[in-house]
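Working through the structure, step by step
Chain residues, written in single-letter form:
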Amino acid sequence: MKLFKHTWLALTLCIGSSSLWADEVQVAVASNFSKPLETLATAFKAKSGHELKISAGATGKLYAQIENGAPFEVFLSADSKTPKKLVDAQLAVADSQFTYALGKLVLWSSTKDSIDAQGEVLKKNEFKHLAIANPKTAPYGAAALEVLEHLGLTKTLEAKLVQGENISQTYDFVSTGNADLGFVAWSQVEKDGVLKDGSVWQVPEDLYTPIQQDAVLLTKGKDNTAAKALLDFLKTPEAQKLITDAGYGLPKAN
């Protein structure tokens, strides 16, 4: 009986100790990366015991929330400029910023054979609505406008543009048929490197500024060891494989 009590006590102390080390991280994430982050959160919890509390939205809107005192501790942006602005404003920790993923822009329709592999559908202009994310707050929307500008189609298609608040809403516009086609993230429409449904044009990367998605430790998380552990985890081979599996590129190693 004494042996049982001692064993039970040891197990209780071990479990109690483990829960004491587990913590929660408040993460603000750009909409395009919200689904991959859920997968990463599961792997991170299995490895560390820490849990993520995720808030997704357009990069610009999340910046405004952070600026106005939102309790986020880590920010996974859809660009590199916004995290730098936070560092400059002393709302993020200097030297904590790094690129966790490279986004890929595509033109997508939920209808099969609607989009050709060269994107000529844009020049033919035989559709009613083209969806893009708000270019003022969403980097993928800004990239979409760059593509139209490079193709000389900005004025031609201006009246047909419908704007989503973020890239998730833009995807919804196309998937529900409220827009014939739209510029979205490749990660939203692929599975295991293959288009899930509809038709797609993989936009050449020389038509838009690279979508360098950066992470940064916010000042509200500077004393949270779990927040720092999350940023370290994103740099591990395990996390990077999950990121590439989700349809993103990775920065070249220095």
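Residues numbered from 1 in each chain as written. Predicted model: local features only at pLDDT ≥ 70, side-chain atom pairs only at ≥ 80, totals over all residues. Heavy atoms only, no water.

A count of helices and strands for the chain gives eleven helices and twelve strands. Across its three principal axes, the chain shows a C-alpha extent of roughly 80 × 40 × 35 Å. Taken over 254 residues, the chain has a buried fraction of 45%. Long-range contacts, defined as pairs at least 24 residues apart, comprise 77% of the intrachain contacts of the chain with a sequence gap of at least 6. For the chain, the separation between the mean place of its 26 positive charges and that of its 29 negative charges on side chains is 5 Å. (Helix = DSSP H or I, 4+ residues; strand = E, 2+ residues; numbered from the N terminus. Buried < 20%, exposed > 50% of the residue type's maximum accessible area, 1.4 Å probe, protein only. Contact = heavy atoms within 4.5 Å. Lys, Arg positive; Asp, Glu negative; His and termini not counted. Charge placed at Lys NZ, Arg CZ, Asp CG, Glu CD.)

Using the criterion set out here, one finds seven salt bridges in the structure. Among the salt bridges present, the one from D88 reaches K84, with a minimum N-O distance of 3.0 Å. With D88 and K84 both in helix α4 (residues 81-88) and four residues apart, the pair spans about one turn of that helix. On the basis of relative accessibility, which here comes to 53%, the residue D88 falls in the exposed class. (Salt bridge = Lys/Arg side-chain N within 4 Å of Asp/Glu carboxyl O.)

This part is about the nonpolar core. Formed by 55 residues in total, the largest nonpolar core has its most connected members in F33, L76, L122 and F183. In terms of residue count, the dominant contributor to this core is helix α10 (residues 225-234) (six residues). Residue contributions to this core reach at least three from each of two domains, namely domain 1 (2-102 + 211-245) and domain 2 (105-202). Excluding residues that lie within four positions of it along the chain, L122 makes contacts with L107, F127, L130, L148, L151, L153, L157, L181, F183 and W201. If you look at the next biggest cluster of nonpolar residues, it comprises twelve residues, including A28, F72, L86 and V87. (Core = buried A, V, L, I, M, F, W, Y, C linked by side-chain atoms within 4.5 Å. Domains from an automatic or database assignment.)

Now for unusual backbone geometry. The phi angle at Q90 is positive, at roughly 60 degrees, despite the residue not being glycine. Mapped onto the elements, Q90 comes out in the loop between α4 and β4 (98-103). Despite not being glycine, N125 shows a phi value in the positive range, around 55 degrees. Among the secondary structure elements, N125 is positioned in the loop between α5 (121-124) and β6 (130-133). Looking at N125, the relative accessible area reads 24%, which means it is partly exposed.

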